[in-house]
Each structure stands twice: as C-alpha cells, then as structure tokens.
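# Structure assessment
Listed here are the chains, written in short residue letters.
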Amino acid sequence: MRIFTCCCFFALLLNACIQERQTIPAEVIGLAPIYASDDWQDIQILAPQSIENLGKIYYKSPFIYATERGRGIHIFDNSDPTQPKAEAFLQIAGNSDLAIRNGILYANNVNDLVGINISDLTDIEVVERLANVYQVTGSDFPENYIGYFECVDPNLGQVVGWFETTIREPECWRE
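For clarity, every value in this text was computed on a predicted model and none was experimentally measured.

Time to look at unusual backbone geometry. Going from Ser61 to Pro62, the amide bond is cis rather than trans, its omega being 0 degrees. By secondary structure assignment, the location of Pro62 is in the loop between β3 (54-60) and β4 (63-68). Phi is positive for Asn102, which is not a glycine, with a value near 55 degrees. As for its placement among the helices and strands, Asn102 is situated in the loop between β7 (98-101) and β8 (104-109).

In structure tokens form, the structure reads like this:
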C-alpha cells in the first residue's frame, strides 16, 4: 500500500508539472538536430567553412584541427600563430572526436571509426573503416537540455547530434 501511495503521489506531481504552451514565439534560439543522411559514409575534403558549433581542438604541427560537432573537422595552417589560415574542411558525418598518428587522422563517422590519410590535404583517402564501433542512439530530443528545439523528422535520417540555431515557430520544447 505504501509503494502504491508513493507512486500515485509521484504521478500526480508529474501531471501537475506538465503545462500547455500559452504562446509560441515567432523566433527563438534553440537546438536543431544534425542528421546522418544516406551517404553518411562519404568523407570529403571541402573548402574552408565557417565555424558554427565548435567542438574539440587538436594540434599537430603545423596544423590545428577543430571539430564541428556532428559535421566534420576544420583544418587551419598555424605556421604563423599570429594569423592561422583556414585551409580546408574535412566533412565527416556524425564526427565529434579525432586523433592523429603517422599522417593518419582517426575520427568517428556516425558509428564507425575511420582512418584517413591526410598527408596530402588535396587528396585525402579513407584507408581503414571499423564498422559499428560506436553506439549512436539518436534521440527525439536533446539530452540534458531545457528550452526550444526543432522537432525530429525521422524521414531525414538518424540524429547524430544537435546544434544551436534560430528556430521559427518552434513546436517542440522541454521545461
């Protein structure tokens, strides 16, 4: 009986916390999902990109490598530390981490671990891929986040991360 009373009290408490939104803002800063598309294994070297959601930074002389959460790695030439120069962007879906050894950049690519030969940044090559090393659970909402976010559309692929952006007339939120 005591356990039943506690469970009922807890359920009532939770119901009391659920509130209907009275107004939805036209625009608000919130989080949007990053999706792994069907071609998520396609790794490319692209022109430099603007940094939107900076993650980890790694230094391997003379370059600085900075992850763009869920999207890839920015590469900067740091030969002149007073003026680092954006060299390229290594597009790797679902990326959040990297390490470099002997000219091979190791990175997560959604749920795979890839080794990429970066000795020539104009002609990168995936030299190794270990499938399903990481468990990517994807979620319908950003974990440990309170606020507005873009609702997940399962037709766009697996969610591999979240980034901050302006959301128009948000339909999803957590309090």
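Turning our attention to the pairing of strand β9 (residues 112-117). Every other side chain in a regular strand lies on the same face of the sheet, so the side chains alternate between the two faces. As paired strands, β8 and β9 are joined by six bridges and run antiparallel to one another. Bridging from a neighbouring strand, Asn109 pairs with Asp112 of β9. From the end of β8 to the start of β9, which pair antiparallel, there are two residues, and Val110 there has a positive phi angle of about 55 degrees. Pairing of β9 with strand β10 (residues 125-130) involves five bridges; the strand directions are antiparallel. Residue pairing across strands places Ile116 opposite Val126, the latter belonging to β10.

This part covers the confidence of the model for the chain. Put simply, the chain has an average pLDDT of 85, and 86% of its residues get 70 or more. Within the model, pLDDT remains below 50 along residues 1-19, and this stretch shows one contact once partners closer than five positions in the same chain are excluded.

What follows concerns the sheet that holds β10. Taken in spatial order, the four strands line up as β7-β8-β9-β10 in an open sheet, and their pairing is antiparallel. Of all the strands in the sheet, the pair left with one neighbour each is β7 and β10. Ignoring which end each strand starts from, the neighbouring axes of this sheet average 25 degrees apart.

Okay, the sheet that holds β3 next. With antiparallel pairing, five strands are arranged side by side in an open sheet as β2-β6-β5-β4-β3. Strands with a single pairing partner mark the edges of an open sheet, and in this sheet they are β2 (44-46) and β3. The sheet shows a mean angle of 25 degrees between the axes of neighbouring strands, direction not considered. Bridging between strand β5 (residues 72-77) and strand β6 (residues 85-91) involves six bridges; their strand directions are antiparallel. Residue pairing across strands places His74 opposite Phe89, the latter belonging to β6.

Considering soluble globular proteins, one finds that nonpolar side chains tend to be buried as a cluster. Tyr65, Ile73, Leu90, Leu105, Ile116 and Ile118 are the most contacted members of the largest nonpolar core, which totals 15 residues. Those residues in contact with Ile118 that lie beyond four places of it in its chain are Tyr65, Ile100, Gly103, Leu105 and Ile124.

Quick look at the pattern of salt bridges now. Using the criterion set out here, one finds five salt bridges in the structure. A salt bridge links Asp97 to Lys56, with the nearest nitrogen and oxygen atoms 3.2 Å apart. Remark: Lys56 occurs in strand β3 and Asp97 occurs in the loop between β6 and β7; sequence separation between them is 41 residues. The shortest N-O distance in the salt bridge between Asp112 and Arg129 comes to 3.0 Å.

Looking at the secondary structure, you find Asn53 in the loop between β2 and β3. Only 3.1 Å separates the side chain of Asn53 from the backbone oxygen of Trp162, close enough to count as a polar contact. If near-sequence neighbours (up to four positions away) are discounted, Asn53 is found in contact with Thr67, Glu68, Arg69, Trp162 and Phe163.

Our focus in this paragraph is the environment of Arg168. Assignment of secondary structure puts Arg168 in strand β12 (residues 158-168). The exposed category is assigned to Arg168, whose relative accessible area is 59%.

Rules of the game
Numbering of residues starts from 1 in each chain and follows the order in which that chain's sequence is written. Local features in this predicted model are restricted to residues whose pLDDT is 70 or higher, and side-chain atom pairs enter the listing and the counts only when it is 80 or higher, whereas totals over whole chains, interfaces and linings include all residues. Only hydrogens and water are set aside when side-chain values are computed; all heavy atoms of the structure are taken into account. Put simply, DSSP H or I for four residues or longer makes a helix, DSSP E for two residues or longer makes a strand, and each gets a number counted from the N terminus. Two strands pair under a simple rule: DSSP has to find at least two bridges between them. On a range of 0 to 100, pLDDT expresses the predictor's confidence in each residue. Here, residues are in contact when the closest pair of their heavy atoms is within 4.5 Å. Geometry is summarised by axes, namely lines fitted to C-alpha atoms with helices restricted to the contacting stretch, and by angles between N-to-C directions that run from 0 to 180 degrees. Residues enter a nonpolar core if they are buried and are Ala, Val, Leu, Ile, Met, Phe, Trp, Tyr or Cys, with the set joined through side-chain atoms within 4.5 Å. Think of it in three bands: residues with accessible area under 20% of the maximum for their type are buried, residues over 50% are exposed, and the middle band is partly exposed, with areas taken using a 1.4 Å probe on protein chains only. We define a salt bridge as a side-chain nitrogen of Lys or Arg found within 4 Å of a carboxyl oxygen belonging to Asp or Glu. Pairs of N or O atoms are called polar contacts if they sit within 3.5 Å, as long as, within protein, a hydrogen donor faces a hydrogen acceptor (for residues adjacent in sequence, only side-chain-to-side-chain pairs).

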